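Fold and contact review
In case you want the letters, here they are:
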Amino acid sequence: MDPFDADAGGILRQPKAVWATAGASVVAFMGIGLVDPILPSIAKGLDASAGQVSLLFTSYFLITALAMLVTGFVSSRIGGRKTLLLGLAFVVVFAGLAGTSDTVGQLVGYRAGWGLGNALFVSTALAVIVGAAAGGSAAAILLYESALGLGMACGPLLGALLGDASWRYPFFGTAFLMAIGFLCISVFLKEQPKPARKTSLLDPIRALGHGGLTSAAVSAFFYNYTFFTVLAFTPFVLNMTPYKSGAVFFAWGVLLAVFSVLVAPRMQKRFGSLKVLGGSLVLLAADVLVLGYGNHTAAVVCTILSGAFIGVNNTVYTELALGVSDAPRPVASAGYNFVRWFAAAAAPYFAPKIEEWTDVHIPFVVAAVTAVLGAVVVAVRRRALTLPHPRLRSSGGTPIAQELEPKHASEDSVTVFAN
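Remember, predicted model here, so these are calculated numbers, not experimental data. (Residues numbered from 1 in each chain as written. Predicted model: local features only at pLDDT ≥ 70, side-chain atom pairs only at ≥ 80, totals over all residues. Heavy atoms only, no water.)

Concerning the overall build of the protein
- When helices and strands are tallied, the protein shows 16 helices and zero strands.
- Looking at the 419 residues of the protein, the share that counts as buried comes to 59%.
- Only carbon and sulfur atoms are counted for the fraction: they give 67% of the accessible area of the protein, which is about 15700 Å². (Helix = DSSP H or I, 4+ residues; strand = E, 2+ residues; numbered from the N terminus. Buried < 20%, exposed > 50% of the residue type's maximum accessible area, 1.4 Å probe, protein only. Areas by Shrake-Rupley, 256 points an atom, 1.4 Å probe, with all protein chains shown as cover.)

Here we look at helix 4 (residues 80-98)
- The end-to-end C-alpha distance of helix 4 is 27 Å, a good match for the 27 Å that 19 residues give at a rise of 1.5 Å each.
- Here helix 4 has its buried residues at Gly-80, Arg-81, Thr-83, Leu-84, Leu-85, Gly-87, Leu-88, Val-91, Ala-95, Gly-96 and Ala-98. (Expected span 1.5 Å × (residues − 1).)

Some words on the environment of Ala-327
- Inspection of the secondary structure assignment puts Ala-327 in the loop between helix 12 (296-323) and helix 13 (329-357).
- Taking the C-alpha atoms as reference points, Ala-327 and Arg-206, separated by 121 residues in sequence, lie 9.1 Å from one another.

Focus: the packing of aromatic side chains
- Here the structure, examined in full by the defined rule, presents 18 aromatic pairs.
- Directly above the ring of Phe-57 sits Arg-111, whose terminal nitrogen or CZ lies 5.9 Å from the centroid.
- The ring of Trp-114 has Arg-111 lying over it, and the distance from NZ or CZ to the ring centre is 4.8 Å. (Phe/Tyr/Trp six-rings, centres within 6.5 Å; stacked < 30°, edge-to-face > 60°. Lys NZ or Arg CZ within 6 Å of the ring centre and 35° of its normal.)

A short note on a nonpolar patch on the surface
- Judged by side-chain polarity, Val-70, Leu-201, Leu-202 and Ile-205 come together as a nonpolar surface patch covering roughly 310 Å² of accessible area.
- Mapped onto the elements, Leu-201 comes out in the loop between helix 7 (169-188) and helix 8 (203-207).
- A relative accessible area of 41% places Leu-201 in the partly exposed class. (Patch = residues over 30% accessible without salt bridge, like charges linked within 9 Å, V, L, I, M, F, W, Y side chains within 5 Å. Salt bridge = Lys/Arg side-chain N within 4 Å of Asp/Glu carboxyl O.)

As for the packing of helix 10 (residues 242-271) against helix 12
- Orientation of helix 10 relative to helix 12, taken along the N-to-C sense of each, is 40 degrees, at an axis distance of 7 Å. With respect to their mutual orientation, helix 10 and helix 12 come out oblique. The handedness of the crossing between helix 10 and helix 12 is right-handed.
- Looking at the contact of helix 10 with helix 12, its residues break down into 16 nonpolar, eight polar and one charged. (Axes fitted to C-alpha atoms, helices over the stretch in contact; angles between N-to-C directions. Parallel < 35°, antiparallel > 145°, perpendicular 65-115°, else oblique. Left-handed = near helix turned anticlockwise from the far one by under 90°. Nonpolar A, V, L, I, M, F, W, Y, C, P; charged D, E, K, R; others polar.)

Points about unusual backbone geometry
- With a phi angle near 55 degrees, Asp-47 is a residue other than glycine that sits in the positive phi range.
- If you trace the backbone, Asp-47 turns up in the loop between helix 2 (39-45) and helix 3 (50-78).
- In this structure, Asn-239 is a non-glycine residue whose phi angle is positive, near 50 degrees.
- Turning to its location among the elements, Asn-239 is positioned in the loop between helix 9 (211-238) and helix 10.
- By relative accessible area, which is 62% here, Asn-239 ends up exposed.

Thoughts on the pattern of salt bridges
- Under the defined criterion, the tally for this structure stands at two salt bridges.
- We note a salt bridge from Arg-168 to Asp-102, for which the minimum N-O separation is 4.0 Å. Remark: Asp-102 occurs in the loop between helix 4 and helix 5 (104-132) and Arg-168 occurs in the loop between helix 6 (136-163) and helix 7; sequence separation between them is 66 residues.
- Arg-168 gets classed as partly exposed once you look at its relative accessible area, which sits at 24%.

Section: the environment of Val-300
- Note on placement: Val-300 falls in helix 12.
- Leaving out residues up to four positions away in the same chain, Val-300 has contacts with Leu-238, Met-240 and Val-248. (Contact = heavy atoms within 4.5 Å.)

Overview of the environment of Val-93
- Along the chain, Val-93 falls in helix 4.
- The class of Val-93 is partly exposed, set by a relative accessible area of 46%.
- In the structure, Val-93 is positioned 86 residues away from Ala-179 in sequence and 9.4 Å away in space, judged by C-alpha atoms.

Let's talk about a positive patch on the surface
- Positive charge collects at one region of the surface, where Arg-77, Lys-82, Lys-194 and Lys-198 lie side by side.
- Note on placement: Lys-198 falls in the loop between helix 7 and helix 8. (Lys, Arg positive; Asp, Glu negative; His and termini not counted. Charge placed at Lys NZ, Arg CZ, Asp CG, Glu CD.)

Details of the confidence of the model for the protein
- For the protein, the mean per-residue pLDDT works out to 82, and 88% of the residues sit at or above 70.
- Per-element mean pLDDT across the protein ranges from 31 in helix 16 (residues 400-404) up to 97 in helix 14 (residues 362-380).
- In the model, residues 1-9 has pLDDT below 50 throughout and makes 21 contacts with residues more than four positions away in sequence or in other chains.
- For residues 389-419, every residue scores under 50 in pLDDT, and the model assigns this stretch 74 contacts once sequence neighbours within four places are set aside. (pLDDT = per-residue confidence, 0-100.)

Okay, structure coming up:
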């Protein structure tokens, strides 16, 4: 099935509830890159160092990682709709408070609360979209990745446009947009059926007992360190005005969206998912090395180009996280995200520290090494990442991966699953 085939109920033909959730997801992902073009402005406005300002990412993703153990516990008890609304409410409150901060400590604290809300929303949004989407999980995942890409592209642009007047305005703008998302979900999304079994706090940890899921999570951990070195540390290296920095990361986000939604699925069909993932990680490593050692123009070009590799990686990792283990999708996703988001918290903290201890080039060397380590995990654990669980088989016993992958796809193709 072609996920873009509207007649088949693909990505372009979805219920209003799915579009409302996807639209709110765009704004949620905007919050990740929103602060990118205004990091230097925040540092100047609050008389803070680059390392202190980078804690905006660290607090956000540290809380996000820990909250992954809670999201399934909450949503299995109060339902997906109420969990989404609770997460959105947290984001509205803490994003608004962030705009009132007088010290960097206050801002870091409010971003932590924002991270809790985002964890509740984002982890549940994927499950809601997969459950409510027409056309099966393939279309749902592409829609989710579209929302991710669009949000990552528009976040820096919104941050630049509003942040040019004041670094506070992007936070107020996010709170306003999330309030609109809250209203849309309230109106269009009906309560989702609760799972027959309530999720415990330890279920995501138990899910990591599956070798394939753990392998995907560990590989994604190394990859995310590279990803967020680019996202959180590069703005200080580029040292551009909010408008110029916003334009760079907007172009980066556009490539991320295009490659995650349009390019990655076609590459997977042609070459197999694991080969695509391993190759993309190695190319990302080469890209960040040039970013770190090239001149200013090369740094700008490589920053934008990294969006292509990141887009491909995001799509493949999302499929791995949801399809490789025997755990229910929300539980598997929570365990996977619990591991990988720790790297997103670590990179913004360590990159400036490494620069202080060495020089501006070495943080990118470390980021290149972690990308290669992610590829090594994929290569070494290929068998664990390839074998689909029986729940991903059709009624005739044929793995769905074989049904959806073309005849010439390599045997290491990962599952592209359907409901």
